[in-house]
Amino acid sequence: MSLDFPTAFARCPLVAILRGVRPDEVEAIGDALVHAGFTLIEVPMNSPDPLDSIARLARRFAGRALVGAGTVLTVEQVIEVRAAGGQLVISPNSDIAVIAATAKTGMISMPGYFTPTEGFAAIAAGASALKLFPAEAATPAVLKAQRAVLPKDLPLLVVGGISPDNMTPWRDAGANGFGLGSSLYKVGATAGEVGQAARAFIQAWQR
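Some details on the pairing of strand 8 (residues 156-159)
Burial along strand 8 is two-sided: Leu156 and Val158 facing one way and Leu157 and Val159 facing the other are all buried. Sheet topology note: the strand 7 (residues 130-132)/strand 8 ladder contains 3 bridges and is parallel. Across the sheet, residue Leu130 finds its bridge partner in strand 8, namely Leu156. Between the parallel pair strand 7 and strand 8, the chain is carried across by helix 7 (residues 140-147), and the sense of this crossover is right-handed. Inspection of the sheet shows strand 8 paired to strand 9 (residues 177-180) by 3 bridges, in the parallel sense. Considered in strand 9, the bridge of Val158 is made with Phe178.

Structure (structure tokens):
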């Protein structure tokens, strides 16, 4: 049974960012995340052998979670991610060519943006969702102002510096979800540690 993005996002609008994860550990970490309730998993392209990790996760969690790549900067990488079985293409920027190529292949495009100009350009190119990045340089007040003009039905995630303790102000400002990096997974973390952090984030989201 396939899993589409709206369903996965509705189940859990939290993206696990596994920057630096290795292929030989990624399945155990993925097990911990999916068991906790995560349905969106990102392996950044600047991780060791990221396409191998993506392929392993995509096979293991088919129908249970959507898997893809982060820090996707070129159209060539979009093609590589698709060949590995990835379904998500996540970028730190709004590169129109990358977004359009992702949409053309039927994958989920989740580019980073910081201004309404970037956000609307990404939407026009075919973005499936937007991520406000880096959130450390913004505030919930900024997001609230942007939410007044950005399409209400477009998922908007906040990424950068997110912890279980600071999600509420962003949600109140209009965030639909979050990308979670070093507060969820750091290089060297065990599957057990990741599972514990994942459960804390799930609980914070469900409050």
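Brief notes about the pairing of strand 2 (residues 40-44)
The buried fraction of strand 2 amounts to 5 of the 5 residues, a majority that puts the element mostly inside the structure. Where strand 1 (residues 14-17) and strand 2 come together, 3 bridges link them in parallel fashion. What sits directly across from Ala16, in strand 2, is Ile41. Traced from strand 1 through helix 2 (residues 23-36) to strand 2, the parallel crossover comes out right-handed. Relative to strand 3 (residues 66-70), strand 2 runs parallel, the two being bridged by 5 bridges. Its bridge partner being in strand 3, Val43 is matched across the sheet by Ala69. The β-α-β motif built from strand 2, the intervening helix 3 (residues 50-60) and the parallel element strand 3 has right-handed crossover chirality.

About the thresholds
- Residues numbered from 1 in each chain as written.
- Predicted model: local features only at pLDDT ≥ 70, side-chain atom pairs only at ≥ 80, totals over all residues.
- Heavy atoms only, no water.
- Buried < 20%, exposed > 50% of the residue type's maximum accessible area, 1.4 Å probe, protein only.
- Helix = DSSP H or I, 4+ residues; strand = E, 2+ residues; numbered from the N terminus.
- Pairing = 2+ DSSP bridges.
- Right-handed = clockwise from strand over helix to strand, strands pointing away.

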